[in-house]
Amino acid sequence: MTTSQPAMLEWNEETLSRFWGYHSQFSENYFSYQKGRAVVAHVKSRLPSGSTVLDYGCGPGHLLPHLLDAGFSVQGADLSRETMGSAVSVSGRKGFLGFATIDELLTEGRRFDAVFLLEVVEHLDDHWLSKTLNQAKTLLKHGGALIVTTPNEEQLADSIVYCPVSNVIFHRWQHVRSWSQSTLTQCLTAHGFRDVQTEVRTFPGPKPPHVSALRYQLSELLNRFRKPQSLIAIARA
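Residues numbered from 1 in each chain as written. Predicted model: local features only at pLDDT ≥ 70, side-chain atom pairs only at ≥ 80, totals over all residues. Heavy atoms only, no water.

## Focus on the overall build of the protein chain
The helix and strand tally for the protein chain stands at seven helices and ten strands. Relative to a compact globule of 237 residues, whose C-alpha radius of gyration would be 18 Å, the protein chain shows 18 Å and is just as compact. Principal-axis analysis of the C-alpha atoms gives the protein chain an extent of 65 × 50 × 40 Å. Relative to its full complement of 237 residues, the protein chain shows a buried share of 44%. Intrachain contacts of the protein chain at a sequence separation of at least 6 include 72% that bridge at least 24 residues. Surface accessibility of the protein chain: about 12700 Å² in total, with carbon and sulfur atoms responsible for 52%. (Helix = DSSP H or I, 4+ residues; strand = E, 2+ residues; numbered from the N terminus. Rg over C-alpha atoms; globule rule 2.2 N^0.38 Å. Buried < 20%, exposed > 50% of the residue type's maximum accessible area, 1.4 Å probe, protein only. Contact = heavy atoms within 4.5 Å. Areas by Shrake-Rupley, 256 points an atom, 1.4 Å probe, with all protein chains shown as cover.)

## Structural notes on the pairing of strand β10 (residues 230-236)
Counting buried residues in β10 gives six out of seven residues, a clear majority hidden from the surface. Across six bridges, strand β9 (residues 194-201) lies against β10 in antiparallel orientation. From the neighbouring strand, R194 faces β10, where its bridge partner is R236. (Pairing = 2+ DSSP bridges.)

## Structural notes on the pattern of salt bridges
All chains considered together, the criterion is met by nine salt bridges. Note that D69 is salt-bridged to R93, the shortest N-O span being 2.8 Å. Of this pair, D69 sits in helix α3 (residues 64-69) while R93 is found in the loop between β3 (73-78) and β4 (96-101), placing the two residues 24 residues apart along the sequence. Judged by its relative accessible area of 31%, R93 is partly exposed. When the shortest N-O distance is used, the salt bridge between E108 and R110 registers 3.5 Å. Residue R110 is classed as partly exposed on the basis of its relative accessible area of 24%. (Salt bridge = Lys/Arg side-chain N within 4 Å of Asp/Glu carboxyl O.)

## Some thoughts on the sheet that holds β4
Spatial strand order, β4-β3-β2-β5-β6-β10-β9: seven strands in an open sheet with mixed pairing. Single-partner strands in this sheet number two, and they are β4 and β9. For this sheet, the mean inter-axis angle between neighbouring strands, taken without regard to orientation, is 15°. Across the face of the sheet, helix α2 (residues 31-43) comes into contact with β5 (112-118), β6 (140-151), β9 and β10 while running at roughly 45° to β10. Each of β6, β9 and β10 touches helix α6 (residues 181-190); the most contacted strand, β9, lies at about 155° to it. (Axes fitted to C-alpha atoms, helices over the stretch in contact; angles between N-to-C directions.)

## As for the packing of aromatic side chains
To describe a pair of aromatic rings, one takes the distance between the centres and the angle between the planes. Applying the stated criterion to the full structure yields seven aromatic pairs. Among the aromatic residues, ring-to-ring pairing joins W11, F19, W20, Y30 and F170 into one connected group. (Phe/Tyr/Trp six-rings, centres within 6.5 Å; stacked < 30°, edge-to-face > 60°.)

## A short note on the environment of S51
Relative to the helices and strands, S51 is located in the loop between α2 and β2 (52-56). A sequence separation of 23 residues divides S51 from V74, and the C-alpha atoms of the two residues are 8.4 Å apart. Among all residues touching S51, those that are not within four sequence positions of it are F72, S73 and D113.

## Comments concerning the sheet that holds strand β7 (residues 160-163)
Across a sheet, paired strands are connected by hydrogen bonds in the backbone, their directions being either parallel or antiparallel. Ordered in space as β1-β8-β7, the three strands form an open sheet in which the pairing is mixed. Two strands lie at the open edges of the sheet, namely β1 (7-8) and β7, each paired on one side alone. Where β1 meets strand β8 (residues 168-171), two bridges bridge the pair, whose relative direction is parallel. Its bridge partner being in β8, A7 is matched across the sheet by V168.

## Description of the nonpolar core
Among the nonpolar cores identified, the biggest contains 29 residues, and L146 and L188 are the most heavily contacted of them. Taken together, the elements giving at least two residues each to this core come down to β2, α4 (102-108), β5, α5 (126-138), β6, α6 and β10. If sequence neighbours within four positions are ignored, L146 has contacts with V115, L117, L133, A136, L140, L188, F193, A233, I234 and A235. A38, L68, V90 and A145 belong to the second largest nonpolar core, which has 25 residues in total. (Core = buried A, V, L, I, M, F, W, Y, C linked by side-chain atoms within 4.5 Å.)

## Description of α6
Of the residues making up α6, those classed as buried are L184, C187 and L188. Taken end-on, α6 shows its buried residues confined to a sector of 95°, consistent with a single buried face. Within α6, the exposed residues directed more than 90 degrees away from the buried face are Q186 and A190. Structurally, α6 contributes buried residues whose contacts are with α5, β6, β9 and β10. The first or second residue beyond α6 is G192, which carries a positive phi of 90°. (Arc of directions from axis to C-beta.)

Encoded structure:
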């Protein structure tokens, strides 16, 4: 039996909806679930107390409780309402501004002190990258802060998987581009952001229930000697 060469999966509205609809069931797969608290703690001192912040691309909503815990007024938004906020219970919490689509916020002329764009830019082709960054800039007040995280110098080929049923290959987390400190800084600058500061970090995550405290502490210690996992950029509109 011969099999034709596998094709690269085409990411379109249908495949993206199916892919993320499935993964929205598994909180542990989300960066904002694993590292969101540490990211917010890292940037909190750089934002005015009580800032209005937008979680752009909030998905199931894992970042929202951490932003609320930090005392911010928080809006969740994504391209569609399909799985928005499905993993958290934040309705009624002090400072929660609700959920909306990006188009709704733009139509209403809403503006925020900060926009969080966590683990988004690695998923976007050229068209959607420019559109997303332009929208984020429009949604920021003058001088507002854009906070971007993405994997640090990811080797995309290392995460390519094959589906023998459909005979296609794809990145297991739907990443389509890799970023470095220099390319992320250049991209944000090219889209009109200023005072761009980009750094590499490994953000600590919560201890998994099945891992002993000693093993967790050892793993966190070893991470200090490994290549940093994440890039974080803070830029001004």
